Amino acid sequence: TNLDFLLTLVLTGFRREECESLPWSSVDLKYGRITSIDLKNGEPHTLPMGDRLWKIMKSRKEQQYNEYAFSSPKSKLKGHAAHLYEAKSKVIVSSGVSFTFHDLRRTFSSIAENLDYGQYTIKRLLNHTVSSDVTEGYVQISDKKLRMAMQEIEDIVFAGYKEGG
């Protein structure tokens, strides 16, 4: 659960709280889409999943404990994972790299930038809006482009990793 949670953060750019409370009703395993409710603007934020994230979610669904993708039998009050600081600390100790949960969101957006996706695609990936940007209202980002971006970001995250090894 901890590994899947951290991978989901870096593969979606979701905020920690959005990911912790992600209900299964927001994960479309048929069409490979994942939706969070943006904490800052209250808007649903739907993204296509890359192949690995889709596989992770399918595997999690087979082990479903309750209505949450990141369920936790330890968290009886909420029913979902919360404040996974211990898991993050273990990664920090084993890797020697200090990071925050929000750094995974920054990593996601930095990878998109370094792949030369435009600012409007990156804003769409992060569900960011700038109310004074008139042009943003005219620009429509296709699902195909979003799926391509999500897959390319995922490919960078997993570069050099071989499954089963």
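Cut-offs and rules
- Residues numbered from 1 in each chain as written.
- Predicted model: local features only at pLDDT ≥ 70, side-chain atom pairs only at ≥ 80, totals over all residues.
- Heavy atoms only, no water.
- Helix = DSSP H or I, 4+ residues; strand = E, 2+ residues; numbered from the N terminus.
- Buried < 20%, exposed > 50% of the residue type's maximum accessible area, 1.4 Å probe, protein only.
- Contact = heavy atoms within 4.5 Å.
- Areas by Shrake-Rupley, 256 points an atom, 1.4 Å probe, with all protein chains shown as cover.
- Pairing = 2+ DSSP bridges.

**Re the overall build of the protein**
Working step 1: When helices and strands are tallied, the protein shows seven helices and three strands.
Working step 2: Each helix (α) and strand (β) of the protein, taken in turn from the N terminus, gives the series α-α-β-β-β-α-α-α-α-α.
Working step 3: In the protein, which comprises 165 residues, the share counted as buried stands at 45%.
Working step 4: Contacts in the protein between residues at least 24 apart in sequence constitute 56% of all its contacts with a sequence separation of at least 6.
Working step 5: Accessible surface, the protein: about 9500 Å² in total, of which carbon and sulfur atoms supply 53%.

**Quick look at the side chain of Arg16**
Working step 1: Looking at the element boundaries, Arg16 is found in helix α2 (residues 16-20).
Working step 2: Using a relative accessible area of 13% as the deciding quantity, one classes Arg16 as buried.
Working step 3: Residues contacting Arg16, with those up to four places away along its chain left out, are Phe5, Leu9, His83, Tyr85 and Phe101.

**Some points on the environment of His102**
Working step 1: Note that His102 resides in helix α5 (residues 101-114).
Working step 2: Between the C-alpha atoms of His102 and Arg15, which are 87 residues apart in sequence, the distance is 6.6 Å.

**A few points about the pairing of strand β3 (residues 44-48)**
Working step 1: Here strand β2 (residues 33-37) runs beside β3; their pairing, made up of five bridges, is antiparallel. Within the sheet, the bridge partner assigned to Arg33 lies in β3 and is Pro48.
Working step 2: The hairpin formed by β2 and β3 contains six residues between the paired strands, and Gly42 there has a positive phi angle of roughly 70°.

**Overview of the environment of Thr121**
Working step 1: Assignment of secondary structure puts Thr121 in helix α6 (residues 119-126).
Working step 2: Measuring from C-alpha to C-alpha, the distance between Thr121 and Leu146 comes to 7.3 Å, with 25 residues separating the pair along the chain.
Working step 3: What Thr121 contacts, discounting residues up to four positions off in sequence, is Ile141, Lys145 and Leu146.

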